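Chain by chain, the residues run as shown.
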Amino acid sequence: MQLDSSGLQVLSREECLGLLSTAPIGRIVFTEHALPAVQPVNFHLDGRSIVIRTSTGSKLAAATRHAVVAFEADEFDSELRTGWSVTAVGQARAVTDPDEIHRLAALPLTAWAPGSRDHYIVVDAEQVSGRRITHRGR
């Protein structure tokens, strides 16, 4: 097991993707008006791609078009002081191909927010990294 300089377990790409597939909510980090912005989203991991469903005219849809974004998901148990965090970085793209839209619409990805969510953003996870903190006895 590889540890980083803080004593956290360094996760492999496959471990990171496996953990991402279990998380119901993540946070997408993008640029809005030349400043960093973070928005929580529900998502689905489709192979090695992160799929987000939003509305066509949303600020998220506009800001992520052909942009490099970061995506983060995590899980923590505050009582046990254990958890993990995974970050992915990659190019975001709006899905416009009707066949791909049809395929993505069949994924188990239901938007939590109210309103129409007929626009798909796919982030191809080019860089993936993660850390895990495990319980250590006192």
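For the structure, check the block above.
These remarks concern the structure in this document. Not measured: the values here are computed from a predicted model.

Criteria and cut-off values
- Residues numbered from 1 in each chain as written.
- Predicted model: local features only at pLDDT ≥ 70, side-chain atom pairs only at ≥ 80, totals over all residues.
- Heavy atoms only, no water.
- Helix = DSSP H or I, 4+ residues; strand = E, 2+ residues; numbered from the N terminus.
- Buried < 20%, exposed > 50% of the residue type's maximum accessible area, 1.4 Å probe, protein only.
- Contact = heavy atoms within 4.5 Å.
- Areas by Shrake-Rupley, 256 points an atom, 1.4 Å probe, with all protein chains shown as cover.
- Lys, Arg positive; Asp, Glu negative; His and termini not counted.
- Charge placed at Lys NZ, Arg CZ, Asp CG, Glu CD.
- Core = buried A, V, L, I, M, F, W, Y, C linked by side-chain atoms within 4.5 Å.
- 1 Å grid on protein atoms, 1.4 Å probe; cavity = no way out; pocket = protein on both sides within 12 Å on 5 of 7 lines; lining within 4 Å.
- Points joined across faces, edges and corners; volume = space filled by probe spheres on them.
- Nonpolar A, V, L, I, M, F, W, Y, C, P; charged D, E, K, R; others polar.
- Arc of directions from axis to C-beta.
- Phe/Tyr/Trp six-rings, centres within 6.5 Å; stacked < 30°, edge-to-face > 60°.
- Salt bridge = Lys/Arg side-chain N within 4 Å of Asp/Glu carboxyl O.

**Structural notes on the overall build of the protein**
Now for step 1: Assigned secondary structure in the protein consists of three helices and seven strands.
Now for step 2: Element order for the protein, N to C, with α for helix and β for strand: β-α-β-β-β-α-β-β-α-β.
Now for step 3: Dimensions of the protein, computed from C-alpha atoms along their principal axes, come out at roughly 55 × 35 × 25 Å.
Now for step 4: Burial analysis of the protein (138 residues in total) assigns 38% to the buried set.
Now for step 5: Put simply, 66% of the contacts in the protein that link residues at least 6 apart link residues at least 24 apart.
Now for step 6: Split by element, the accessible area of the protein, about 8,200 Å² in all, is 53% carbon and sulfur.
Now for step 7: Charged side chains of the protein number 14 positive and 16 negative; the gap between the two group centres comes to 4 Å.

**A short note on the nonpolar core**
When a protein is soluble and globular, its nonpolar side chains tend to lie buried together.
Now for step 1: Counting residues in each nonpolar core, the largest one holds 28 residues, and the members touching the most others are L20, I28, F43, I50, I52, F71 and V86.
Now for step 2: Where this core is concerned, the elements lending two or more residues are helix 1 (13-20), strand 2 (25-32), strand 3 (35-46), strand 4 (49-54), helix 2 (59-64), strand 5 (68-77), strand 6 (82-94) and strand 7 (119-133).
Now for step 3: Not counting the four nearest positions on each side in its chain, I28 is found in contact with A37, V38, Q39, V41, I52, L60, T64, V69, A70, F71 and V123.
Now for step 4: V51, L107, L109 and V122 belong to the second-largest nonpolar core, a separate cluster that totals seven residues.

**A word on the layout of surface pockets**
Now for step 1: Empty space within the second largest pocket amounts to approximately 170 Å³.
Now for step 2: If you trace the second largest pocket, you find 14 residues lining it, with Q39, V41, R53, A113 and R117 closest to the centre.
Now for step 3: At four residues, the largest contribution of residues to the lining of the second largest pocket is made by strand 3.
Now for step 4: In terms of residue class, the lining of the second largest pocket is built from seven nonpolar, five polar and two charged.

**Observations regarding helix 1**
Every α-helix carries 3.6 residues per turn, so stepping three or four residues along brings you back to the same face.
Now for step 1: Three or more residues of helix 1 are buried, namely C16, L17, L19 and L20. The buried side chains of helix 1 occupy one side of the element, clustering within an arc of 160 degrees when seen end-on.
Now for step 2: Buried residues along helix 1 sit against strand 3, strand 4, strand 5, strand 6 and strand 7.

**Structural notes on the packing of aromatic side chains**
Now for step 1: For the structure on display, the rule yields one aromatic pair.
Now for step 2: Plain terms: the ring middles of F43 and F71 are 4.7 Å apart, the flat faces sit at 70 degrees to each other, and that makes the pair edge-to-face. With F43 in strand 3 and F71 in strand 5, the pair connects residues that are 28 residues apart, well separated along the chain.

**Considerations on the environment of L104**
Now for step 1: Relative to the assigned elements, L104 resides in helix 3 (residues 98-105).
Now for step 2: A relative accessible area of 1% places L104 in the buried class.
Now for step 3: The spatial distance from the C-alpha of L104 to the C-alpha of A94 is 12 Å, given a sequence separation of ten residues.
Now for step 4: Each residue touching L104, except ones within four places of it in the same chain, is listed here: D46, V51, V95, Y120 and V122.

**Quick notes on the pattern of salt bridges**
Now for step 1: Going through the model one piece at a time under the given rule, you end up with eight salt bridges.
Now for step 2: Here R27 ties to E72 by a salt bridge, and the two come within 2.9 Å at their closest N and O atoms. One end of the pair, R27, is in strand 2; the other, E72, is in strand 5, and 45 residues separate them in sequence.
Now for step 3: Since its relative accessible area comes to 25%, R27 is described here as partly exposed.
Now for step 4: Taking the relative accessible area as the measure of exposure, E72 reaches 16% and is therefore buried.
Now for step 5: Taking the shortest distance from any N to any O, the salt bridge between R93 and E100 comes out at 2.8 Å.
Now for step 6: The exposure class assigned to R93 is partly exposed, which follows from its relative accessible area of 27%.
Now for step 7: A relative accessible area of 18% places E100 in the buried class.

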